[in-house]
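# Chain and residue survey
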Amino acid sequence: MNLPLSFEFFPPKTPEGVAKLRAARQQLYRLKPEFCSVTYGAGGSTSEGTFGAVKEILAEGMTAASHFSCIGATRTRVREQLALLRTMGVKRLVALRGDLPSGYGTGGEFHYASDLVAFIRAETGDAFRIEVACYPEVHPQARSPEADLQAFVTKIRAGANSAITQYFYNPDSYFRFVDDVRKLGLDMPVVAGVMPIVNSTQLMRFSDACGAEIPRWIRLRLQSYGDDGASIKAFGLDVVTRLCEQLRAGGVPGLHFYTMNQSAASVEICRRLLA
Ligand code: FAD
């Protein structure tokens, strides 16, 4: 497929999860991804697991991107972790603010992802390619769509190379977002984040938390399948493949799959895109 692909994983918590993720990665590597990334729990809660999975991906001969979130972190801690990532041979980061669980306050010496991007550039120059997050359907805590867009511009101008979107099921939100950032003079790639639909309860929970909208017709269809996992998966594959086709036709520069550490749905969507 001539469309660049990337796959996102989270650090598994158990030996069984580690083994499952290794197997999933091998399936996904056949699609020749540009890179694979590993999420990083806010407050550094998963740094060991994140860096462990990143090390494995590098050892498997693939390009790895480590996510890196700054909320609750100190400059000293971030400096140490950047040094560690460089020693490991990591050259790509997904730089984020992150979300601390409620009750933790914000604390730390960084308020926004733009502070982290600026700090990484000041400390390490061009040692890392930096991706940042963006929200075609608007970040849930943004004061307004305009303020969110301005915050995104600030983050890019602080030194990010490209952006990956939160997932969405309405391609118009993506195309509108890209138009808006182009009008503001930004020309970096905006890669679309793609969430395969595998488990409807989990998807509804995630989407409520991160502000990604599930269109009514998709929500109702998923609800109507109840516990019928096979129908949910079949419907999800059709919907998400169609979304990716629309994005490809509209010139998306890449697709970033939120794999949830599973390979089957991402592999099947890519197979259909190739067919
Ligand atoms: P920011 O860009 O800092 O934006 C956060 C909010 O602050 C937005 O509402 C924005 O409009 C506002 N804002 C920004 N700058 C300013 C300013 N100067 N003044 C006023 N308001 C401002 N979370 C994790 O914990 N770990 C991960 O590994 C992870 N990976 C992710 C990967 C992708 C591709 C995406 C899309 C999200 C990921 N997240 C991850 C979730 C992310 O951390 C949350 O969405 C978080 O709430 C915002 O992070 P951000 O980097 O986009 O923050």
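Here's what I pulled together on the structure shown here.

Rules of the game
- Residues numbered from 1 in each chain as written.
- Predicted model: local features only at pLDDT ≥ 70, side-chain atom pairs only at ≥ 80, totals over all residues.
- Heavy atoms only, no water.
- 1 Å grid on protein atoms, 1.4 Å probe; cavity = no way out; pocket = protein on both sides within 12 Å on 5 of 7 lines; lining within 4 Å.
- Points joined across faces, edges and corners; volume = space filled by probe spheres on them.
- Nonpolar A, V, L, I, M, F, W, Y, C, P; charged D, E, K, R; others polar.
- Buried < 20%, exposed > 50% of the residue type's maximum accessible area, 1.4 Å probe, protein only.
- Helix = DSSP H or I, 4+ residues; strand = E, 2+ residues; numbered from the N terminus.
- Contact = heavy atoms within 4.5 Å.
- Phe/Tyr/Trp six-rings, centres within 6.5 Å; stacked < 30°, edge-to-face > 60°.
- Near = heavy atom within 4 Å.
- Polar contact = N/O pair within 3.5 Å; in protein donor to acceptor, adjacent residues only side chain to side chain.
- Areas by Shrake-Rupley, 256 points an atom, 1.4 Å probe, with all protein chains shown as cover.
- Salt bridge = Lys/Arg side-chain N within 4 Å of Asp/Glu carboxyl O.
- Pairing = 2+ DSSP bridges.
- Axes fitted to C-alpha atoms, helices over the stretch in contact; angles between N-to-C directions.
- Core = buried A, V, L, I, M, F, W, Y, C linked by side-chain atoms within 4.5 Å.
- Right-handed = clockwise from strand over helix to strand, strands pointing away.

## What to know about empty space enclosed by the protein
Across all of its chains, the model carries 1 cavity of 30 Å³ or more by this definition. By volume, the largest cavity is sized at about 50 Å³. Lining the largest cavity are Y135, P136, E137, V138, Q166, Y167, F168, C210, G211 and A212. Across the lining of the largest cavity, the residue classes break down as 7 nonpolar, 2 polar and 1 charged.

## Structural notes on helix 10 (residues 264-274)
Along an α-helix, residues three or four apart share an orientation, since each turn contains 3.6 residues. Looking only at helix 10, the buried set comprises A265, S266, E268, I269, C270 and L273. Residues of helix 10 that are buried make contact with strand 1 (5-9), helix 1 (15-29), helix 9 (229-249) and strand 8 (255-258).

## Quick notes on the packing of aromatic side chains
Here the structure, examined in full by the defined rule, presents 11 aromatic pairs. When the centroid spacing of 5.7 Å and the interplanar angle of 35° are considered together, the rings of F7 and F257 count as tilted. Taken as a pair, F7 in strand 1 and F257 in strand 8 lie far apart in primary sequence, 250 residues in all. Residue class for F257 comes out buried when judged on its relative accessible area of 0%.

## Points about the site of the ligand
As a matter of local geometry, the ligand sits amid 22 residues, with Y40, D99, Y135, H139 and D148 nearest to it. In the model, an oxygen atom of the ligand is placed 3.1 Å from a nitrogen or oxygen of the G98 main chain. In isolation the ligand offers 980 Å² of accessible surface; the protein chains occlude 84% of this area. The class makeup of the residues in the shell around the ligand is 11 nonpolar, 6 polar and 5 charged.

## Considerations on the pattern of salt bridges
On inspection of all chains with the given rule, the structure shows 13 salt bridges. A salt bridge links R272 to D238; its shortest N-O distance comes to 2.9 Å. In this pair, R272 sits in helix 10 while D238 sits in helix 9, placing the two residues 34 residues apart along the sequence. Classification of R272 as partly exposed rests on a relative accessible area of 27%. Between E268 and R271 there is a salt bridge whose closest N-O contact spans 2.8 Å. Placement of the pair is E268 and R271 together in helix 10, with a separation of 3 residues, close to one helical turn. The class of R271 is partly exposed, set by a relative accessible area of 47%. Salt bridges sharing common partners tie together R22, R25, E56 and E60.

## Structural notes on the sheet that holds strand 8
The strand order 1-2-3-4-5-6-7-8 describes a closed barrel built from 8 strands, whose pairing is parallel. For this sheet, the mean angle separating the axes of adjacent strands, direction not counted, is 25°. Alignment of strand 6 (residues 162-165) against strand 7 (residues 190-194), held across 2 bridges, turns out to be parallel. Of the residues in strand 7, the one forming a bridge with I164 is V191. Lying on the sheet, helix 2 (residues 47-59) is in contact with strand 1, strand 2 (35-38) and strand 3 (64-69); it crosses strand 3 at an angle near 165°. Packed on one face of the sheet, helix 6 (residues 171-183) meets strand 5 (129-134), strand 6 and strand 7 and runs near 160° to strand 7.

## A closer look at the nonpolar core
Residues F152, Y169, I197, L255 and F257 are the most contacted members of the largest nonpolar core, which totals 86 residues. Sort the elements by how many residues they give to this core and helix 9 lands first, with 8 residues. Each residue touching I197, except ones within four places of it in the same chain, is listed here: Y169, L203, I218, L222, I232, K233, G236, V239 and V240.

## Observations regarding the pairing of strand 3
The element strand 3 is largely enclosed, with a buried count of 6 among its 6 residues. Each parallel crossover has a hand, and for strand 2 linked through helix 2 to strand 3 it is right-handed. In this sheet, strand 4 (residues 92-96) lies alongside strand 3 in parallel orientation, the contact comprising 5 bridges. The residue of strand 4 that forms the bridge with F68 is A95. Handedness of the crossover is the feature at issue here: the chain leaves strand 3, passes through helix 3 (residues 75-88), returns alongside strand 4, and the resulting connection is right-handed.

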